[in-house]
Structure formats: C-alpha cells, structure tokens
Amino acid sequence: MKEWKRIYLSPPHMSGKEYMKVEEAFQSNWIAPLGPLVNEFEQSVADYAGVKAGAALSSGTAAIHLALKLIGIQKDDVVFCSTLTFVASANPILYEQAMPVFIDSEKDTWNMCPLALEKAFVEAKRLGKRPRAVIVVHLYGQSAKMDDIIELCEAYGVPIIEDAAESLGSTYKGRKSGSIGKFGVYSFNGNKIITTSGGGMLVSDDEAAIERCRFLASQAREPAAHYEHQEVGHNYRMSNILAGVGIAQMDVLDERVEQKRRIFQRYKEALSGIEGVRFMPEYPETRSNRWLTTMTIGRGARVHPVDIIDALEQRQIEARRVWKPLHEQPLFHQCPFYTATQEKPTSEILFQTGLCLPSGTSMTDVEQERIIDTLYDILRTRTITPSQATRF
Ligand SMILES: Cc1ncc(COP(=O)(O)O)c(C=O)c1O
C-alpha cells in the first residue's frame, strides 16, 4: 500500500521568525503572563483591527467569557447566539448559568439570520426578557450580515459580541471582522489562520472595558501591596512567550489570507462543475479570509459528506463536517431556537451537506492536487446507495 504523507485540515504555519521573539522573552527573562511582548502583541492586533485596545488572553473562549462578564451577565440571563458554530461560542454562557437562545443561519453567509433574530427579539420582548448580549459568529471567515444585525440590536438596545475566532483578516464593508460590535473575539488556537499555539484576544474601542478585562483575567487582584480581592477573577492572561509567537505571526497575517483565498479558488475551479457541489458563498461587500474551504454536497451529487471524509481518510487526508448546530447538541437540548420559516432550518441543512477541506497554508500545490484528484474520483464515480439516500 502506498505511504501517503498526512495532510491536516489546518495545521500551524510558522513564518520562521517566531524563534527570535521567543528568544527575546528568554533573554529578558519575561517568562510570565505579562511583559513587554504581551503589550506589543495587544497593540499590534488592535492596530490591525482598527480598534483602540486589546487584551491578550489564554484562549478565544476566555475572551468570550470575559466579554459576557464585562457586559454584566447575571445568572438566568438570556444570550442570543448563532447556532451554526463551535461549542466554544456558547459554553461561556453556561459558565455564568445563563441561558443560550440559538438563532438559525441564512443561506447567503451561513451566519446568523436577521429574520430569525428579529423573531427571537419580538418573543423576548413579549416575555419581558431582554437578552443581555448577542454573540454573532463569522463562520469559516465569512462575515455575518452585520448591518441588519446591528440595526436590530440597536433597536432593542442589546450589545454585540463578534465571535471572530475564525475570521481574523476578513472584512465587512472594508471594516475588519471583530472591530464592529461592542467587543470582538479572536482565537490563536493551533488551527487558526495565525496561531500562538493556544491563545485569544478581546478587542474593543472601549479602553476602560479592556483594562477591566485585563484585571478580571489576572485573578481580579486589586491594586494593593498585599493580595487583595473583592470579586471573582480568572487566570486567563496570555504568557509573554506566546505573545512573542503572536507578534511574528501578525507579520504574515495578510499573506496567509491571500494564501487561504488561493487555496479556496483552486478547489472551486477544479470541483464546482460537478453536479451538486457548491462552495461557501462570499457575500457582496465582504471579503473572507477563507479560513477553511467549505463546500456542500447536495442531492445532485452521489455521495454523502461522511463517505467523502472516509475516502479522504484512506489517503491520509483530514477533512471534517461542518459544525453540528448547537441547538441539536444534547448539551443544549433545553435551549430555545429560532428559525425564520417553517422549512428545515438552514443550519441543519448545512450540517448535513457540508464538508470542510484541508486548507493549511503550508500545503503544497502537489498536495492540493492529491486532494482534488481524490475528491474528483469520489464525486464523479460513486453511486448512491439506498441507505445513503436516507441520510440526505
Ligand atoms: C467560532 C469559534 N469560537 C470560539 C472558538 C474558541 O477559541 P479557542 O479555541 O481559542 O478557545 C473557536 C475555536 O476554537 C471557534 O472556532
């Protein structure tokens, strides 16, 4: 059997300059969750996003958690959240014993549907329960329909947390993803467009809130000569060493966006002629970082995404299904869910038909050819079986 070199979905891609920054941390002995490189990294990301400030944290999840705390989340509050996303978008709502309410996707961006959001707002008003926040996810790098979402949130007086964990480098009407809501959240997890191995950042134009975020992320230690604490804090700060990695990665962010977009384009040109195959759209006036190339396999195609994933796996190629909507997760079975119409929810259709393809920027053209050839073979030659048909 042929020995294939494994192709991962979205592995880290170092520029080679990270060592120098890490070395700087060692030379200065700032081996701590604070230090000059943390400050420099925060400034670099805030400048890139076009916002006033950023707080470097241990993860994107921590950033969402602290955004909710800064907004003043209380036990039994309601928070609206996109349903088609990774569990980390909503877990912090549960940390605070609040209730997530999930909002379906629409077809143009795969993100939060403004019509479904409006329904949820109307119902919340009827029940006299204004949500504390709306968490809007920009899935796989594609921005949500922010104008419509902002209009609704402003009308109901509810702040927006942009979960831009997957969309660093994307733009919406020329503005950087994550810079539009009250708070923006980035992730530097190993699979993201740039990485610090693990890490995240909360950004905002509200400098006082970001300063308080740093305080809450450092065990809420009061300014005193001894250890003084008045409220619950967290150990959520990013280390100075990892911030060094982040600074070097920021230098290649725009290059990575272009590389990801080229990867998407090559897949699209090679495969979109096949019946039933569609690629994630790019909404007018938005520019996606194409973090993961994502496509759907509709009824016209002759295989199910699971079969494609299995076939790719046999050739050492890692692919994944689109996120399972959170309203379908057992963890959230008690949470309300809003969709715009009586039809099958868009998020459920995307889960059933969607597939994420390897999109690592260190992938060679030859490796991508191998993936395309494999996909082409499966999509063109497999016939659908009755058992597969029922899965659509
Ligand atoms: C949409 C989304 N939100 C939040 C997160 C959480 O980020 P982290 O892994 O840095 O906690 C991730 C990714 O991991 C994500 O994809």
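Before any of the text, the structure's been laid out above.
What comes next concerns the included structure.

How each quantity is defined
Residues numbered from 1 in each chain as written. Predicted model: local features only at pLDDT ≥ 70, side-chain atom pairs only at ≥ 80, totals over all residues. Heavy atoms only, no water. Helix = DSSP H or I, 4+ residues; strand = E, 2+ residues; numbered from the N terminus. Rg over C-alpha atoms; globule rule 2.2 N^0.38 Å. Buried < 20%, exposed > 50% of the residue type's maximum accessible area, 1.4 Å probe, protein only. Pairing = 2+ DSSP bridges. Contact = heavy atoms within 4.5 Å. Axes fitted to C-alpha atoms, helices over the stretch in contact; angles between N-to-C directions.

**Quick word on the overall build of the chain**
Within the chain, the secondary structure is distributed over 13 helices and 15 strands. Expected size for 392 residues packed as a compact globule is a radius of gyration near 21 Å; at 21 Å, the chain falls within 12% of this value. Seen through its principal axes, the chain has C-alpha atoms that stretch 70 × 60 × 35 Å. Buried residues in the chain amount to 56% of all 392 residues.

**Notes on the sheet that holds strand 13 (residues 320-321)**
What the 4 strands build is an open sheet, ordered 10-12-15-13; its pairing is antiparallel. Bordering the open sheet on either side are strand 10 (277-279) and strand 13, each of which pairs with just one other strand. Pairing analysis gives 4 bridges linking strand 12 (residues 293-297) to strand 15 (residues 354-357), with the strands arranged antiparallel. Following the sheet pairing, methionine 295 is matched in strand 15 by leucine 355. Contacts between helix 11 (residues 346-353) and the sheet are confined to strand 12, strand 13 and strand 15, with strand 15 contributing the most and set at about 55° to the helix.

**A look at unusual backbone geometry**
Positioned with a positive phi, glutamine 97 is a non-glycine residue whose angle comes to about 55°. When you line up the elements, glutamine 97 lands in the loop between helix 4 (91-95) and strand 3 (99-103). Here the phi dihedral of tyrosine 140 falls at roughly 50°; this positive angle occurs in a residue that is not glycine.

**Describing helix 10 (residues 305-314)**
Owing to its 3.6 residues per turn, the α-helix aligns residues three or four sequence positions apart on the same side. Burial in helix 10 covers these residues: Pro305, Asp307, Ile308, Ile309, Ala311 and Leu312. Once helix 10 finishes, glutamine 316 follows within two positions and takes phi at roughly 60°, a positive value.

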